[in-house]
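Observations on chain architecture
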Amino acid sequence: MPETMGMTRPIAILDEHPEWSTRLLAELDRRELPWQKVDHSNHAYDPRDREPQFSVIVNRTSPSSHTRGHPGVLFYAEPLLAHFEALGIPVINPVAAYRFEKSKALQAGLFEQLGVRYPRAIVVNHRGRIPAAAASLRFPIVVKPNVGGSGAGITRFDSPQDLETRLASLDLGPDGTALVQEYVEPRDGAIVRVEVLDGRYLYAIRIVRRTDQFNLCPADICRTPAPDAANALAACPVDTPSLEVARTEPPAEAVAAAIRLTRAASIDVGGVEYLVGKHDGRMYFYDVNATSNFVANAPEVLGFDPFVPFVDFIQSCVGPRNGPPHPPTLRTSRGTRDARREPASPRA
Ligand SMILES: Nc1ncnc2c1ncn2[C@@H]1O[C@H](COP(=O)(O)OP(=O)(O)O)[C@@H](O)[C@H]1O
Ligand SMILES: [Mg+2]
């Protein structure tokens, strides 16, 4: 296949959010790479179309799309991504990653299987199950919709009475499924988000929350629901007085866990969050994300622009170094792994 092949077809950015891909697109423009934004909140495809239209798909589907008046994205994204993958188009954060992205229950299963500590949680699909689930946990608890994103719908309860009083008004989210989870008081009110790109540690940020809200979107530009793009941008973590964001170097154990989690979840680029318990000083992982907007003023906070290595990676999925386009993530019987990225791979 000719080298130019990959670049005659545009890079597709699959994203329904009006603003979240702006900085990514700016970096693509800076390199004069052809791109096309695919807004799948209002979209159609024909399964008979077998001709790949794109050189690579950058899947940035967010599980919180339904909170922005885009109810059609959540379930539609799955067959659409499967369609692209079936055509042989490399998909960054493929449908396998998206499954984890949109299910906190699957994420909890992953923590359990990989032996990564997480706040104890019970998965329920009926509000009537919540009191019994909570009774097997230690209060305070949080109830989190299975479909998360930007803290959407997370509610804290301090006692069984508190739960009883507000149970009827709980919203379990778009799939009627939720995690009933122990609330772990974070040491110094801080959480850490570790970003991973292509199986490697990219950076980490420590976020101190000065309010009692859950709609903290540490590495995203948002606090939801943002009624318009201007507000979403204005509410970026670094510019939000209630949040304090700084680069941090997490312990090697945390970085290793983040890499293992993203790998097992087929996530090519994403962020893993954990907190350190105030009472026991232990790390608890609680969120695996496949959509990263990084921090708003990254060069200032991090000392570099993460969109540069991100676009390097995008190019590597279609560029001449890799020959013909192929899926970035090749799945093995053990789950996932990318042959191209295995250290043992002798690829020149
Ligand atoms: N079990 C928990 N104990 C204490 N704080 C939590 C817990 N789970 C979530 N949080 C807080 O709520 C925020 C949002 O939760 P998270 O699971 O990351 O949801 P989302 O996927 O919507 O971002 C976290 O960043 C953290 O500050
Ligand atoms: Mg989170």
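The structure this text deals with has already been given above.
Within any chain, residue numbers begin from 1 and follow the written order of that chain's sequence. Labels are handed out in written order, letters beginning with A for the chains and numbers beginning with 1 for the ligands. Restriction of local features to residues with pLDDT of at least 70 applies here, the model being predicted, together with a cutoff of 80 or more for giving and counting side-chain atom pairs; totals for whole chains, interfaces and linings are based on all residues.

Attention now goes to the overall build of the chain. Helix and strand labels come from DSSP, where a helix needs a run of H or I of at least four residues and a strand needs a run of E of at least two; each type is numbered from the N terminus. Of the regular secondary structure elements, the chain holds 11 helices and 13 strands. Split into buried and exposed, the 348 residues of the chain put 43% on the buried side. Counted over contacts in the chain with a minimum sequence separation of 6, partners at least 24 positions apart contribute 71%. Residue burial is a threshold on neighbouring C-beta atoms within 10 Å of the residue's own C-beta, all placed from the backbone, with 20 or more meaning buried, 12 or fewer meaning exposed, and counts in between meaning partly exposed. It is the C-beta atoms, placed from the backbone, that decide contacts: two residues are in contact if theirs lie within 7 Å.

Below, the discussion takes up unusual backbone geometry. With omega at -5°, the peptide bond leading from Phe139 into Pro140 counts as cis. Residues other than glycine seldom take positive phi values, yet Asp198 does so here, at roughly 55°. Relative to the elements of secondary structure, Asp198 occurs in the loop between strand 9 (186–197) and strand 10 (200–209). Judged by the 19 C-beta atoms lying within 10 Å of it, Asp198 is partly exposed. In this structure, Ser266 is a non-glycine residue whose phi angle is positive, near 60°.

Moving on: helix 11 (residues 307–318). Multiply 1.5 Å by the residue count of a helix minus one, and that product is the helix's expected span. With 12 residues, helix 11 ought to run about 16 Å at 1.5 Å a step, and its terminal C-alpha atoms sit 17 Å apart, in line with that. Turning to helix 11, its buried residues are Phe307, Phe310, Val311, Phe313, Ile314, Gln315, Cys317 and Val318.

So, on to helix 9 (residues 252–264). Here helix 9 contains 13 residues, and its C-alpha end-to-end distance of 18 Å stays within 8% of the 18 Å for a straight helix at 1.5 Å per residue. Taken residue by residue, helix 9 has Ala254, Ala257, Ala258, Leu261 and Thr262 as its buried positions. Down the axis of helix 9, the buried side of the element spans an arc of 125°, and every buried residue falls inside it. Opposite the buried face of helix 9, at more than 90 degrees from it, the exposed residues are Ala252 and Glu253. Contacts from the buried residues of helix 9 go to helix 5 (104–114), strand 9, strand 12 (269–277) and strand 13 (283–289). One or two positions beyond helix 9, positive phi appears at Ser266, with a value near 60°. To obtain the arc, one takes the directions from the helix axis to the C-beta atoms.

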